[in-house]
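Each chain, written out:
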Amino acid sequence: MKDNEPQVLFDAQSTVKRGCEDYNIVGCIPGQEEEGKILLTAHYDSYFSGFQDDNAAVAMMLGIAGAILDIGYRPRKTLIFCAMAAEEWGVAGSKYDWSAGAYEQVFSACPGWQGQVIADLNFELPAHAHGRKDGVRCTYEYVDFLEDFLSRVQVDGQAYPDGVEVVYPIQTWSDDFSIAIAGIPSSVNEFSDGEFMETHYHSQFDNEDFYDEPVYRFHHNLYGKLVLAFDHTAVVPMDFERLFAAVEDSVEKALCEKTQANETNLLERLKKAKELGHQLYDQIQKINETYKNLLEAGKYEEAKAMAAEYAALNSSLLYIFRKEQDYFVRLNWHDDVLFPQQGVGENLKAIYKALGCLKEDDPEGALEAVYEIDNNRYAFLFDREVFRYFTEYVLNQPADRLKWGYGRIIHHENLYDLVVSLKEKNKLQKAGERPDLEEEYKILLQAANTQEQCYRDDIDYMASSVEKLLAAMEGCVQKQ
């Protein structure tokens, strides 16, 4: 003991065994106000020594906590620091076998964080520059707030000669995705690009030889200041207009016309939602500016009263964010994040291309197109049992095994038999015969009809979802 402070040894050495428990480690710096929490996260499990991925991130998270305590800063909101387990692996035999610790933290261990935590700052590989320009990756709703924040940040040219930018939306690569779909707006330092990810990531070469101190120091300062920026807000600084604009951009007019989807209804509602989102964010900015001025003037009790006054508004805003995740966040078979109709849209483009190839007696071209439809590429190299396994372990497993991926792949098109048939017809053609492709054409035409109906349903579903969000947003405007 020194100065009555307990000394704690943190030993993350571990052995992975099937069926064992793992543990997240949580600590906090209590806030002066009852409302609001800010979450900082990094995972401590790793492949090999995992210096960048993710020990440096855990060190940076704890370094930010230490710096806040050292300078004597008393946060308005409670700051939570969580070292996550089971980010690299967590569920055997599931497609979504990573980020399990984060998912369980916000859905099982602390579901009460939903509606309370206004932001998650997640850290990954923070002591290595993955390019000349740095990035903060975030959910759509925090883009404007972060762009404004970064406009006032002095970037270390030695670390990032080309500066720093905001990139979006979030991806499934790290814990921030699990946290976001729970209704907690999240961000992560951009780390997924660059040569390091191809040559050193998840290998024995991820070690202290690749420590870049200017990058680490820059991130330490950047995210420490970002914590303070969030701490100086009375209302969750989310701009819903950005999300609705992205949804609008994802609606393809040509596909809507071909499938006879009712895009007009959706676009009209999206226009209203963008306008209301813009109006709401303007009001949020004004409230937060007033709150910040109170803090700078030392009027802490008035600021505390103001934060309490807007507690209900914050809950409503976070509820809207959570519903947006439920309504709009889907995945394809490569774990890319997309909107509901986009997966079907990509299927349809491939199907139309394959149909065109069959009209031209080109089974090889049709096969190339079918390869892009859902997970049908498995049918090219594996037997039916393998194909079925890698389909069923996504579409027919319980939620507690699929976790963050549950229900986010929809409208699967099984073309296994078609692939087998087209491969045989392609062999015949290469042997000099002219195969009959009529049956394959009929199968693809039926797949097109099925997927077109799914596309129409998705456009209608999105219009209905936007209508529900509009009603919730109108309620937020009234709370002000």
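Residues numbered from 1 in each chain as written. Predicted model: local features only at pLDDT ≥ 70, side-chain atom pairs only at ≥ 80, totals over all residues. Heavy atoms only, no water.

Caption draft 1: Geometry of the sheet that holds strand 7 (residues 186-189). Read from one edge to the other, the open sheet built from 7 strands follows the order 1-3-2-4-7-5-6, with strand pairing classed as mixed. Unpaired on one side and paired on the other, strand 1 (25-29) and strand 6 (164-167) mark the two borders of the sheet. With strand direction ignored, the average angle separating the axes of adjacent strands in the sheet is 20°. In this structure, strand 2 (residues 37-43) lies alongside strand 4 (residues 117-122), joined through 5 bridges in parallel fashion. When the bridges of strand 4 are listed, Leu 39 appears paired with Asp 120. With respect to the sheet, helix 1 (residues 51-70) is in contact with strand 1, strand 2 and strand 3 (78-84), its orientation differing from that of strand 2 by roughly 145°. (Pairing = 2+ DSSP bridges. Helix = DSSP H or I, 4+ residues; strand = E, 2+ residues; numbered from the N terminus. Axes fitted to C-alpha atoms, helices over the stretch in contact; angles between N-to-C directions. Contact = heavy atoms within 4.5 Å.)

Caption draft 2: Representation of the side chain of Gln 451. Mapped onto the fold, Gln 451 is located in helix 18 (residues 438-479). The contacts of Gln 451, once residues within four sequence positions are left out, are Val 344, Asn 347, Leu 348, Ile 351, His 411 and Glu 413.

Caption draft 3: Looking closely at the pairing of strand 5 (residues 134-138). Summarising burial for strand 5: 5 of the 5 residues are buried, a large majority. For the crossover that starts at strand 5, traverses helix 3 (residues 143-150) and ends in the parallel strand 6, the hand is right-handed. In this structure, strand 5 lies alongside strand 7, joined through 3 bridges in antiparallel fashion. Bridged to Val 136 within strand 7 is Asn 189. (Buried < 20%, exposed > 50% of the residue type's maximum accessible area, 1.4 Å probe, protein only. Right-handed = clockwise from strand over helix to strand, strands pointing away.)

Caption draft 4: Local environment of the packing of aromatic side chains. Counted according to the given criterion, the structure contains 26 aromatic pairs. Pairing Tyr 103 with Phe 107 gives two aromatic rings, centres 4.4 Å apart and planes at 25°, and the pair type is stacked. You can see Tyr 103 and its partner Phe 107 sitting in helix 2 (residues 100-109), 4 residues apart, about one turn around the helix. A relative accessible area of 13% means that Tyr 103 is categorised as buried. Classification of Phe 107 by relative accessible area gives partly exposed; the value is 24%. (Phe/Tyr/Trp six-rings, centres within 6.5 Å; stacked < 30°, edge-to-face > 60°.)

Caption draft 5: Representation of the packing of helix 1 against helix 6 (residues 213-231). Here helix 1 crosses helix 6 at 50°, and the two axes come no closer than 10 Å. Viewed along their axes, helix 1 and helix 6 adopt a mutual orientation that is oblique. With respect to the hand of their crossing, helix 1 and helix 6 are arranged in right-handed fashion. Only Tyr 216, His 219, His 220, Tyr 223, Gly 224 and Val 227 of helix 6 make contact with helix 1, whose side of the interface consists of Ala 56, Ala 59, Met 60, Gly 63, Ile 64, Ala 67 and Ile 68. The residue inventory of the contact of helix 1 with helix 6, partitioned by class, reads 9 nonpolar, 4 polar and no charged. (Parallel < 35°, antiparallel > 145°, perpendicular 65-115°, else oblique. Left-handed = near helix turned anticlockwise from the far one by under 90°. Nonpolar A, V, L, I, M, F, W, Y, C, P; charged D, E, K, R; others polar.)

Caption draft 6: Region of interest: the environment of Leu 415. By the secondary structure assignment, Leu 415 is in the loop between helix 16 (399-402) and helix 17 (416-430). Here the alpha-carbon distance between Leu 415 and Ile 459, two residues 44 residues apart in the chain, equals 24 Å. If near-sequence neighbours (up to four positions away) are discounted, Leu 415 is found in contact with Val 370, Ile 373, Asn 376 and Ala 447.

Honestly, that's just the spatial picture; any functional story needs more than this.
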